[in-house]
Each structure stands twice: as structure tokens, then as C-alpha cells.
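One-letter residues, chain by chain:
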Amino acid sequence: RGIMQAFILNTRRDKFKDARVRRAFNYAFNFEEMNKQIFYGQYQRINSYFEGTELAATGLPQGKELEILETVRDKVPPEVFTTEYKNPVGGGPEAVRRNLREAMRLLKEAGYEIRNQKLVNARTGEPFSVEFLIDDPSFERVILFYKPELERIGVEVSVRTVDEAQYENRIRRWDFDIIVGSWGESLSPGNEQRAYWGSQAADTPGSRNFAGIKNPAVDALIEKVIYASDRATLVAATRALDRVLLWNHYVVPQWTYGKVRTARWDRYGRPEHMPKYGEAAFPTVWWWKGSPGRVGSRP
């Protein structure tokens, strides 16, 4: 199954309504250095809402996917048709400086400037500040790694860790700037896409449209996914939806891992061939063998 795990930017807030601002936040995220220092280089960057599946958009649109995208051409960023989506690549000092320069260019285009080392709205003078809302203290280290790069482009950053109840209440009220979240996807997406990205869900408390997406092109593509009459059309429509979501920069994608970690004990057995699309650790496919090397009944 595919997954998008990300820093989710709340577009209900005026500060995140401009896609250039949202894209700048991606340029400020130095994933490569974080992966090296915190995660021992284990992870890879997510480049799709359907990462790791045939539904992920790659290259430039063509064939049936291009036909579908032509129906919303006037409602999507031009890059959808001209440029393959890729996240900025950081790592070394030169790459980081290049990315931060691009972030500053985008923010300037969006109407922001640096005054006294702070990013402010050029028209109102209001400082640009963001709060990361989390309910898992272990994730503070990740945000605190991201924080200095955002501060280098003048953004004021705070991290608020709250208990689960307060976190859920704030999410239901859409009372946040940035959260960490994820969406798991099956190989046959359908009605749930409305709850993830649909305009109606953006105003529905408790929905999973955390980013507050209200985009007519996205709505139209969701319907093409839901009402696809065959597999080829479903794949093409999903890739088109993926591409449009990516080029609107609603999130700063995080990372994924191509394996499932499990703790094993030699008293348990499992089939030689596991389900291709199932979870490798799914408990119903394990059984009790008794002592090592000897099949026995469970006591």
C-alpha cells in the first residue's frame, strides 16, 4: 500500500494560502542531513501520495492520464504538464544554501521580506510565525532539526506538545498551523479520497482533510477516480490526482521505509510465502510451534 507521511500545512490559515509559501517550506527542509544524523540513513524521501505503488505519478503525464488532466488544465499549476515533481535535495552546505535562496525567492514573490532578521508581510509588517502541534514527544527531535533552517529564512518557530485529548480537540477545530500526519492508500482508491482531499471535507470536523484543501480540480479528479470504469482508467485518474496534489504543495513530504520491522521468536512459525499486499506481521498468519525445531500444540 502507498503512504504519504508529511508535515501538513493548514491552508485555512492565511499564511499558508499561497502555494509559493508552502513550497518554500519544502525547500527549507533538509531531509538528507536529518536522515543521516537522526535515522542512520535508513529512510527515503516520499515523492508521491501513493508512494511505492503503480498509482504514483512519475515522469510527465501521457496517454490516458494526460487526457484526464486536460479536462482541468485551466485549474492546475502549469508545472503539472511540464515538470516531473521532485522534492528539493539538501545535504551539503551548497545544496542547503541553494535551497534556502529558492525559498527566499518564493517568499518574496508571495509578498514577504526580511526586516531585522525576521520574515514579515511586506504590506502589514506582521512577522511570519508558525507552531508545530504534536502529541508525541519523541517527534520533537525531528521538528527541532527542521526549526533552525526555517529560522534562517526568518520564520519564527515554536513547538507545542499536548496530550492526546487536547490534540484531538484542536485537530477537530482545525486549530493548528502545522501537524505531522499520514494517509494510507490501498491499490484501489475510491470514496475515501473525498474525505482526504475533497472541498466538502475541508469544513467537516473529524475528516482527514487536515490541510483544508478546497480545489475544484482536485474535486473533479476525485470523481474520476471513484467512477473509473476499468483498472487502466483508475490508475490514470489516480496518477493525475497525485500529480495535482503534489504541485499544489499542501504538505512537506517526509520519509518511508521499504520493509516492516518485526521481533521474532523461534517458537512461532509462518508460511513460506507471505501475502504480497498484506502486512508481513499480520498475526493470523503466525502459529505456535512449541520448542525450537519441533512442531507442537500451543499450551
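See above for the structure.
Residues numbered from 1 in each chain as written. Predicted model: local features only at pLDDT ≥ 70, side-chain atom pairs only at ≥ 80, totals over all residues. Heavy atoms only, no water.

## Description of the overall build of the protein chain
Then comes step 1: In terms of helices and strands, the protein chain carries eleven helices and eleven strands.
Then comes step 2: Principal-axis analysis of the C-alpha atoms places the extent of the protein chain at approximately 75 × 45 × 40 Å.
Then comes step 3: The buried share among the 299 residues of the protein chain stands at 46%.
Then comes step 4: In the protein chain, 71% of the contacts between residues at least 6 apart in sequence involve partners at least 24 apart.
Then comes step 5: In the structure as shown, the protein chain presents an accessible area of about 15,700 Å², 49% of it carried by carbon and sulfur atoms.
Then comes step 6: Of the side chains in the protein chain, 45 bear a positive and 39 a negative charge, and the two mean positions are spaced by 3 Å. (Helix = DSSP H or I, 4+ residues; strand = E, 2+ residues; numbered from the N terminus. Buried < 20%, exposed > 50% of the residue type's maximum accessible area, 1.4 Å probe, protein only. Contact = heavy atoms within 4.5 Å. Areas by Shrake-Rupley, 256 points an atom, 1.4 Å probe, with all protein chains shown as cover. Lys, Arg positive; Asp, Glu negative; His and termini not counted. Charge placed at Lys NZ, Arg CZ, Asp CG, Glu CD.)

## Focus: the packing of aromatic side chains
Then comes step 1: Applying the stated criterion across every chain, the model contains 22 aromatic pairs.
Then comes step 2: Centre to centre, the rings of F7 and Y146 are 5.0 Å apart; their planes meet at 40°, and the pair counts as tilted. Of this pair, F7 sits in strand 1 (residues 2-9) while Y146 sits in helix 6 (residues 140-152), and the two are 139 residues apart along the sequence.
Then comes step 3: With a relative accessible area of 0%, F7 lands in the buried category.
Then comes step 4: For Y146, a relative accessible area of 2% puts it in the buried group. (Phe/Tyr/Trp six-rings, centres within 6.5 Å; stacked < 30°, edge-to-face > 60°.)

## With respect to the pattern of salt bridges
Then comes step 1: Per the counting criterion, the structure on display carries 21 salt bridges.
Then comes step 2: The closest approach of N and O atoms between E113 and R115, which form a salt bridge, is 2.6 Å.
Then comes step 3: Look at E113 and you get partly exposed, because its relative accessible area is 32%.
Then comes step 4: Of the residues examined, R115 reaches a relative accessible area of 35% and is grouped as partly exposed.
Then comes step 5: We note a salt bridge from K147 to E151, for which the minimum N-O separation is 2.7 Å. With K147 and E151 both in helix 6 and four residues apart, this pair spans about one turn of that helix.
Then comes step 6: Of the residues examined, K147 reaches a relative accessible area of 21% and is grouped as partly exposed.
Then comes step 7: Among the ionic contacts, a cluster of salt bridges with common partners joins R13, K15, E131, R160, R170, R173, D175 and D177. (Salt bridge = Lys/Arg side-chain N within 4 Å of Asp/Glu carboxyl O.)

## What about the packing of helix 3 (residues 63-70) against helix 11 (residues 231-247)?
Then comes step 1: Contact geometry of helix 3 with helix 11 gives a least axis separation of 8 Å together with a crossing angle of 55°. It follows that helix 3 is oblique to helix 11 by the angle criterion. The two elements helix 3 and helix 11 meet at a crossing, and its hand is right-handed. The segment helix 3 lies against helix 11, with K64, E65, I68 and L69 engaging A232, T233, A236, A237, R239, A240, R243 and V244.
Then comes step 2: Within the contact of helix 3 with helix 11, the residues separate by chemical class into seven nonpolar, one polar and four charged. (Axes fitted to C-alpha atoms, helices over the stretch in contact; angles between N-to-C directions. Parallel < 35°, antiparallel > 145°, perpendicular 65-115°, else oblique. Left-handed = near helix turned anticlockwise from the far one by under 90°. Nonpolar A, V, L, I, M, F, W, Y, C, P; charged D, E, K, R; others polar.)

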